[in-house]
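Chains, contacts and geometry: an overview
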Amino acid sequence: MNRPQQASRIAAKFAELKAAGRGALVTYLQGYDPDPATSLALLRGLPGAGADLIEVGVPFTDPMADGPSIQRAALRALKAGATLAGVLALVRDFRKEDSTTPIVLMGYYNPILAYGTERFCTDAAASGVDGLIVVDVPPEEADEIEPLTRAAGLDLIRLVAPTTDEARLPRVLAATSGFIYYVSITGITGTKSASSASLAEAVPRLRKHTELPIAIGFGIRTPAQAAEAAKLADGAVVGTALVDTLAASLDEQGRARPETVRLVLDQVRGLAEAIRQS
Amino acid sequence: MNKPLPNTFRQGPDARGRFGQFGGRFVAETLMPLILEVEAAYEAAKRDPEFDREWRYLLTHYVGRPSPLWLAERLTAHLGGAKVYFKREELNHTGAHKINAVLGQILLAKRMGKTRIIAETGAGQHGVATATACALFDLPCTVFMGATDVERQQPNVFRMKLLGAEVVPVTSGAATLKDAMNEALRHWVANVADTYYCIGTVAGPHPYPAMVRDFQSVIGIETREQILAAEGRLPDALVCAVGGGSSAMGLFHPFLDDEGVAMYGVEAAGRGVDTEEHAASINRGQPGVLHGNRTYLLQDRHGQIIEAHSISAGLDYPGIGPEHSWLHEAGRVTYVTATDDEALAAFQLCSKLEGIIPALESAHGLAEVIKRAPTMQKDGIIVLNLSGRGDKDIFTVAHHLGVKL
């Protein structure tokens, strides 16, 4: 039988980083992109390259909040046979060697529904998943999943957007655990970047309403942007920029080349260094 | 657990936008505040007599409503059963029912202070209707259309451009209606401040399914008055093709509580519901969540969405409006299917017997009438929603009949 974890890996990680006086580097790659073996090699390499938390994207045919890069990643992954069960197996393999780096699954609701929400929450927790971001389940619909994630000891991480107004913010935050994922732009993933000024304004607005760590994502590409976001908030999420590097490294048939893993992890090292130096 | 049937089928959705377990608001947080804003604006507009007056003025003087209810005598004689009536939505300005809900939504967008309009389109009828209304109201309009549909619906693409709209071909996925809707939603997320998304069907997040249905209900309300005037009683059966299902909801909704009126929604069976190429979400799908609502979807066992197929671009969608899913489970509406070939045959029969070239979408409904009318008594009455005209489809039909134009 699976039991809720005693201390959340996510909370422990943010506490550890706070003590060390720096923000977190949160990386995002899709599970199975471009194939399960490369995906596992990337996952295993991420902590050593400096990723503090790992988001694993669950491929879906219709990712409505994602830009073209992550859409293509999802199609590559699905072509490689990705399923929700397959992504959980990846996490289990990762956990054989790493028991501390938090793993968050990010995806859409329908594959979870098809798997069975309750069984999924149980299996995810047992596989070593720490939190979930279900993009298309807003607080208004969260009663369908929240009791089940809580029972399984999974954090339910919510997106907060620039369009989330003061009246709505408490409702969104109340349903959140683990950390707040602040979507820094009104848009889809990887399409534009937020200005420093708008971030400098947004983060204190959130702090007034929550004690949870805040990570900033959607539109952070460069080491400088990551360092700035990690300084302003508690973490920076980099996804599309890594997915683009992965995609650019593939051969004409969309297969990984020998250097694929190294190129992506080198980029992660660059981001991690910038965050550590700032 | 035995749940009693509701004593009315016309009260939905509830405050959460649910029809039973279906519907809802499954969108990303970025869109959620905007969806709530649309809902609040629509609720206010509904209570404003001036909004209703303005919409009805447009329906009368711009669209040409009420549309006639036509007794199709030659078809009736040919089928040898119930009297067949056509609700002639194809005579509306722009040639389909879509304009009814578009005008309502454009008036709403103006009330909300939005300055540009986006829409998705499959067959192009909703895109043309939206481009038309945007020309009338001097609003910039961007229409997202699957690249596959752009190819097979060239006349409507050209119409939209003539009307001043920008047509954006969408190449993701199978490049059809589903992908156009994804892209429109993505575009909306990135342009929330000034943009209104004019959805063409009774799907998407609440309040769209209810709002589009309310506007389209003018079809059923007129039909009810017209059939009572013509026959002194209500029809025995209503028939309409369903893709997303806006024309069907519009016809059915005002009759849902009339026990004696049977209703048939006709899904596109493409090359057959037992092949992999169809669009029969209710007959061959499972409940799931896509495009902001829970409804029946074509999906594999892992919850990945399967591409739909139909000769009719307007029915080529792997989902269906949530209220249809609910009416199906409640047993109030029967969902049947018609294949590409059956629709093609109906298309030709209607053209020759009635001098009306129907849209391929409507031809699916007609295919069911052709099956059902002969099984009914001669004093029976069956009403088909002839939701659109077929001018846009002549190239597709010619191609399938092996004719070079």
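Residues numbered from 1 in each chain as written. Chains lettered and ligands numbered in written order. Predicted model: local features only at pLDDT ≥ 70, side-chain atom pairs only at ≥ 80, totals over all residues. Heavy atoms only, no water.

Here we look at the pattern of salt bridges
Oppositely charged side chains can pair when the atoms bearing their charge come close. Taken as a whole, this structure holds 51 salt bridges over all chains when the rule is applied. Linking A:Asp123 and A:Arg119 is a salt bridge whose minimum nitrogen-to-oxygen distance equals 3.7 Å. Of this pair, A:Asp123 and A:Arg119 both sit in helix 6 (residues 117-127), four residues apart, which is roughly one turn of that helix. Taking relative accessible area as the criterion, A:Arg119 reaches 48% and is therefore assigned partly exposed. With its nearest N and O atoms 2.7 Å apart, the salt bridge here joins B:Asp393 to B:Lys392. For B:Asp393, a relative accessible area of 1% corresponds to the buried category. When its relative accessible area of 2% is taken as the criterion, B:Lys392 is described as buried. (Salt bridge = Lys/Arg side-chain N within 4 Å of Asp/Glu carboxyl O. Helix = DSSP H or I, 4+ residues; strand = E, 2+ residues; numbered from the N terminus. Buried < 20%, exposed > 50% of the residue type's maximum accessible area, 1.4 Å probe, protein only.)

Some points on the pairing of strand 11 (residues 286-290) of chain B
Residues and elements named next belong to chain B. Of the strand pairs in this sheet, strand 11 and strand 12 (residues 292-297) are connected by five bridges, and their pairing is antiparallel. The residue of strand 12 that forms the bridge with Gly-288 is Thr-295. Counting the residues that bridge the hairpin from strand 11 to strand 12 gives one residue, and of these His-291 lies at a positive phi of roughly 50°. (Pairing = 2+ DSSP bridges.)

What about the interface of chain B and chain A?
In this assembly, 33 residues from chain B lie in contact with 36 residues from chain A. Between chain B and chain A, a total of about 2,900 Å² is buried, with carbon and sulfur atoms accounting for 52% of that surface. Three residues stand out in chain B for area buried against chain A, namely B:Glu29, B:Arg186 and B:Gln304, and they jointly supply 24% of the buried area on that side. Along the contact surface separating chain B from chain A lie seven salt bridges. Across the pair B:Arg294 and A:Glu144 runs a salt bridge, and its minimum N-O distance is 2.7 Å. Where chain B touches chain A, the interface holds 21 residue pairs in polar contact (both at pLDDT 80 or more). The element best represented in the side of chain B that touches chain A is helix 8 (residues 177-190) of chain B, accounting for eight residues. By residue class, the composition of the side of chain B that touches chain A is 14 nonpolar, nine polar and ten charged. (Contact = heavy atoms within 4.5 Å. Buried area = accessible area lost by both parts, 1.4 Å probe. Polar contact = N/O pair within 3.5 Å; in protein donor to acceptor, adjacent residues only side chain to side chain. Nonpolar A, V, L, I, M, F, W, Y, C, P; charged D, E, K, R; others polar.)

Let's talk about the UniProt feature "active site" (unreviewed entry) in chain A
Residues and elements named next belong to chain A. The UniProt entry lists Glu-55 and Asp-66 under the feature "active site" (unreviewed entry), expressed in the numbering used here. Restricting the annotated residues to those that line the second largest cavity leaves Glu-55 and Asp-66. Structurally, the position occupied by Glu-55 is in strand 2 (residues 53-57). Judged by relative accessible area, Glu-55 falls into the buried class, the value being 1%. The residues touching Glu-55, leaving out its near neighbours within four places in the chain, are Val-26, Thr-27, Tyr-28, Leu-29, Val-104, Met-106, Ile-133, Phe-179, Tyr-181 and Val-237. Structurally, Asp-66 is set in the loop between strand 2 and helix 3 (68-79). Asp-66 sits in the buried class, given a relative accessible area of 7%. (UniProt positions renumbered as here; feature names shortened; annotations may be inferred. 1 Å grid on protein atoms, 1.4 Å probe; cavity = no way out; pocket = protein on both sides within 12 Å on 5 of 7 lines; lining within 4 Å.)

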